[in-house]
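# Structural features, examined
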Amino acid sequence: MNLHPLIIDICRAISRAGGRAWIVGGVVRDALMDVESKDHDIEVHGIELDDLRRILRSLGQVNEIGKSFGVFKLSTSEIECDVSIPRHDNQVGPAHKDVQIVGNPYMGIESAARRRDLTINAIAFDPLTKEFADPFGGMRDIERGRLVAVDERTFPEDPLRVLRVVQFAARFGFSVQTELADLCKKTSLYSLPPERIWGEFEKLLLRAPIPSVGWRLAHDLDVLDRVLPELATLPS
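An account of the accompanying structure is given in this report. (Residues numbered from 1 in each chain as written. Predicted model: local features only at pLDDT ≥ 70, side-chain atom pairs only at ≥ 80, totals over all residues. Heavy atoms only, no water.)

## Comments concerning the pairing of strand 1 (residues 20–24)
Counting buried positions along strand 1 yields 4 of 5 residues, so the element is predominantly enclosed. With 4 bridges connecting them, strand 1 and strand 2 (residues 41–45) associate as antiparallel partners. Paired with Trp-22 across the strands is Glu-43, a residue of strand 2. As paired strands, strand 1 and strand 8 (residues 124–126) are joined by 2 bridges and run antiparallel to one another. (Buried < 20%, exposed > 50% of the residue type's maximum accessible area, 1.4 Å probe, protein only. Helix = DSSP H or I, 4+ residues; strand = E, 2+ residues; numbered from the N terminus. Pairing = 2+ DSSP bridges.)

## Examining helix 8 (residues 194–207)
Helix length check: helix 8 (14 residues) gives 20 Å between terminal C-alpha atoms against 20 Å at 1.5 Å per residue, within 8%. Restricting attention to buried positions, one finds in helix 8 the residues Ile-197, Glu-200, Phe-201 and Leu-204. With its buried residues spanning 95° around the axis, helix 8 presents them on a single face. Exposed positions of helix 8 whose direction lies more than 90 degrees from the buried face are Glu-195 and Leu-206. Elements that come into contact with the buried residues of helix 8 comprise helix 6 (160–172), helix 9 (211–220) and helix 10 (223–227). (Expected span 1.5 Å × (residues − 1). Arc of directions from axis to C-beta. Contact = heavy atoms within 4.5 Å.)

## Thoughts on a nonpolar patch on the surface
Taken together, the side chains of Met-1, Leu-32 and Phe-132 define a hydrophobic patch exposed on the protein surface, amounting to about 230 Å² of accessible area. Along the polypeptide, Phe-132 turns up in strand 9 (residues 131–133). Judged by its relative accessible area of 32%, Phe-132 falls in the partly exposed class. (Patch = residues over 30% accessible without salt bridge, like charges linked within 9 Å, V, L, I, M, F, W, Y side chains within 5 Å. Areas by Shrake-Rupley, 256 points an atom, 1.4 Å probe, with all protein chains shown as cover. Salt bridge = Lys/Arg side-chain N within 4 Å of Asp/Glu carboxyl O.)

## Points about helix 7 (residues 178–186)
Regarding helix 7, the residues found buried are Leu-180, Ala-181, Leu-183 and Cys-184. All buried residues of helix 7 fall inside an arc of 160° around its axis, so they share one side. The outward face of helix 7, more than 90 degrees from its buried face, is lined by the exposed residues Thr-178 and Lys-186. At its buried positions, helix 7 is contacted by strand 10 (146–147), helix 6, strand 11 (175–176) and helix 10.

## A short note on the packing of aromatic side chains
Counted by the stated rule, this structure contains 4 aromatic pairs. Judged by centre distance (4.8 Å) and plane angle (45°), the ring pair of Phe-125 and Phe-132 falls under tilted. The exposure class of Phe-125 is buried, given its relative accessible area of 6%. Where Phe-201 meets Trp-215, the ring centres are 5.9 Å apart and the plane angle is 65°; that geometry is what we call edge-to-face. With Phe-201 in helix 8 and Trp-215 in helix 9, this residue pair connects regions lying 14 residues apart in the sequence. Since its relative accessible area comes to 4%, Phe-201 is described here as buried. Among the aromatic side chains, those forming a connected cluster through ring pairs are Phe-168, Phe-172 and Phe-174. (Phe/Tyr/Trp six-rings, centres within 6.5 Å; stacked < 30°, edge-to-face > 60°.)

## Quick word on the packing of helix 6 against helix 8
Packing of helix 6 against helix 8 leaves a shortest axis separation of 9 Å and a crossing angle of 5°. Our classification of the angle between helix 6 and helix 8 gives roughly parallel. Contacts from Leu-160, Leu-163, Arg-164, Val-166, Gln-167, Ala-170 and Arg-171 in helix 6 reach Arg-196, Ile-197, Glu-200, Phe-201, Lys-203, Leu-204 and Arg-207 in helix 8. Residues belonging to the contact of helix 6 with helix 8 are distributed by class as follows: 7 nonpolar, 1 polar and 6 charged. (Axes fitted to C-alpha atoms, helices over the stretch in contact; angles between N-to-C directions. Parallel < 35°, antiparallel > 145°, perpendicular 65-115°, else oblique. Nonpolar A, V, L, I, M, F, W, Y, C, P; charged D, E, K, R; others polar.)

## Quick word on the packing of helix 8 against helix 9
Pairs of packed helices are described in terms of their axes, by the angle between the two and the distance that separates them. Packing of helix 8 against helix 9 leaves a shortest axis separation of 7 Å and a crossing angle of 140°. The orientation of helix 8 with respect to helix 9, classified from their angle, is oblique. Judged by residue contacts, Phe-201, Leu-204 and Leu-205 of helix 8 engage Pro-211, Gly-214 and Trp-215 from helix 9. When its residues are assigned to classes, the contact of helix 8 with helix 9 shows 5 nonpolar, 1 polar and no charged.

In structure tokens form, the structure reads like this:
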């Protein structure tokens, strides 16, 4: 994985302080698929929030975008990256934004990965030890070219995940596991705000080599009937 020197500096500083930094999210998935990624997401374990804030401020300009649960944006003239501690997401109401987020730097890599949507997005990489953490078999699912939910119980808590399944399947040419397809059909989408819906369809249209694959899948999963009924009758 080709990482900017600042990313390595962050990981080393966190290691010296007694913590461990993992590269997480789309950049790990994309590297395993030989796809270029502009994401830079670091998840820090074993470091208290105040200590993490101090470390990051010694390395660049820091904007704290999640003060209550530990999400920082570190910027230099060359790069911008998101640094966070692990957190729990708890749905506390019916709306998409009705989520209580609690940061916990000691929850462990498996528990932290469990909050993610798909196994292919739940892989972490330690650039200092060159070790992958893959508690839910995301690397295997990349090899098989399939989308699988990390946790079928928590997947429906964020309805936006259904639209992400559609655009990921189209972008990567992956199949959708039967159990995941059933989850997508059952998950309520009524609380999704229009801008989030269009955001995912924009990724589908602009990033997928054959957008019609995603459009057809959106038909099959009854997504269009629920979020864009005026377009649901168009041919796939």
